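Here's the letter readout for the chains.
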Amino acid sequence: MKKLWTNYIKLMEKDVAAGAESNNLAVLVRYLSCISLLHYILLTIILAYAGYIYSCLGVVFCIGLILASLICTYEARIKLGTLLYIFSILAVLTLLTIRVGWKYFFAPTAFITIMVYFFSLNIPIRKKIRYSVFMAIYLNALAILKGYLPLQAEINGHIALVILVFNICFSTLAFSYVAYAYYQKFMASEAKILQYNKKLEQMASTDTLTSLWNRRAMTQHLSTLSQQYVKHHMNFCVAILDIDFFKHVNDEHGHGMGDYVLKSLSYMLKSSMDGKGQVARWGGEEFLLTFENTDLDRAYKLLDQIRARIAEQEFTFKDVSLHLTITGGIEEYSMTESIDAIITRADEKLYRGKTSGRNQIVA
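Residues numbered from 1 in each chain as written. Predicted model: local features only at pLDDT ≥ 70, side-chain atom pairs only at ≥ 80, totals over all residues. Heavy atoms only, no water.

1. Remarks on the pairing of strand 6 (residues 326-332)
Among the seven residues in strand 6, six count as buried, and that is most of the element. Relative to strand 6, strand 1 (residues 236-243) is paired through seven bridges, and the arrangement is antiparallel. Bridge pairing links Ile243 to Ile326 in strand 6. Note: strand 6 against strand 7 (residues 361-362), two bridges, orientation parallel. Paired with Gly329 across the two strands is Val362, which belongs to strand 7. (Buried < 20%, exposed > 50% of the residue type's maximum accessible area, 1.4 Å probe, protein only. Helix = DSSP H or I, 4+ residues; strand = E, 2+ residues; numbered from the N terminus. Pairing = 2+ DSSP bridges.)

Pasting the structure below:
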């Protein structure tokens, strides 16, 4: 039984060639068609038992329309399938309201067609509004017309109650599924928006070449660290690194080699800072690092280890190999100074390291 149900779900949700939006509409029409088929088959049996033969034939004709609608959804003719489904629902509503009566809960099926019509993104909103207005006029006209037409015959009390119960149950089921379909569509749209927002946020905060944080993202992070320092007194240090003689790399070996060095060095820095803090490309060949929950002595030792590791690394690009060194300045955050002041002091120490031999960390 479980396998049969699984196969039924797969059949109902089978993709069509017309695209995702059409597929969503196709799945909606398929499920509603199955609900309506079961509804109308049972209704035909009840009407036949009550002696409403001509009404039965009309409902059987509409069952054929629903089957045609179901077939269209598998042949990428979603628009035709949707229109056939809507027409079949309205045909049954009109026929049974005139032949049987208004009081058996046939009218709510008209509102299901409005919801189906509004579900498609490919139909302009003005057409959807026109259809809603048409349905309002149509239902009022049907109610007025019914007042002047005699019933075929009065239905037996028990049979009338059965018809009413069936109509209420199946209308409720259909409304529930349409609501579920709208919910699924809404959730999918929300997920897509969140995904796009996340992607945009990542693009806005990531350096394109190195995939490190850019200055904007690091500035926000430094602001967060300063707030944590005030609340929880979590020490952190800020360091600025610069590649020594990087201009010579670009001049002698080309910008391809320069880009390769920046990307390789960025990867080394990011892996080395894992669990210790964050790293961002501050600009050009400069990088800004944060050592979090760490005092200056400890941060200096960690950064000097990174410097030594980079000095030992051989960078090879298109048969060209070279060794590089970095120079850095590091400063511990103090609540008496602003973040900009701490960065400026770290930058001054970097400059001191540049003027006193390079390949060193100045604390």
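2. Here we look at the sheet that holds strand 2 (residues 277-283)
Pairing is mixed in the open sheet, where five strands are placed in the order 2-3-1-6-7. The sheet terminates laterally at strand 2 and strand 7, the two strands that pair on one side only. With seven bridges joining them, strand 1 and strand 3 (residues 286-292) adopt antiparallel strand pairing. Bridged to Cys237 within strand 3 is Phe291.

3. What to know about the pattern of salt bridges
Evaluation of the coordinates by the stated rule reveals eight salt bridges. Taking the shortest distance from any N to any O, the salt bridge between Lys247 and Asp251 comes out at 2.9 Å. With Lys247 and Asp251 both in helix 9 (residues 246-253) and four residues apart, the pair spans about one turn of that helix. By the burial criterion, Lys247 is exposed, and Asp251 matches it. The residue Arg345 makes a salt bridge to Glu331 at a minimum N-O spacing of 2.4 Å. (Salt bridge = Lys/Arg side-chain N within 4 Å of Asp/Glu carboxyl O.)

4. Let's talk about the side chain of Thr327
In this fold, Thr327 is placed in strand 6. Note on Thr327: relative accessible area 0%, which makes it buried. A polar side-chain atom of Thr327 sits 2.7 Å from a polar atom in the side chain of Asp244. In contact with Thr327, not counting residues within four places along its chain, are Ile240, Leu241, Asp242, Asp244, Leu350, Gly353, Lys354, Arg358, Asn359 and Gln360. (Polar contact = N/O pair within 3.5 Å; in protein donor to acceptor, adjacent residues only side chain to side chain. Contact = heavy atoms within 4.5 Å.)

5. Here we look at the layout of surface pockets
Unoccupied space between atoms shows up once a probe the size of one water molecule is rolled over them. Estimates place the volume of the largest pocket at around 600 Å³. Mapped onto the lining of the largest pocket, the elements with two or more residues apiece are helix 1 (2-12), helix 2 (20-50) and helix 7 (157-205). Per element, the largest residue contribution to the lining of the largest pocket is nine residues, and it comes from helix 7. Of the residues that constitute the lining of the largest pocket, the class distribution is 15 nonpolar, four polar and four charged. (1 Å grid on protein atoms, 1.4 Å probe; cavity = no way out; pocket = protein on both sides within 12 Å on 5 of 7 lines; lining within 4 Å. Points joined across faces, edges and corners; volume = space filled by probe spheres on them. Nonpolar A, V, L, I, M, F, W, Y, C, P; charged D, E, K, R; others polar.)

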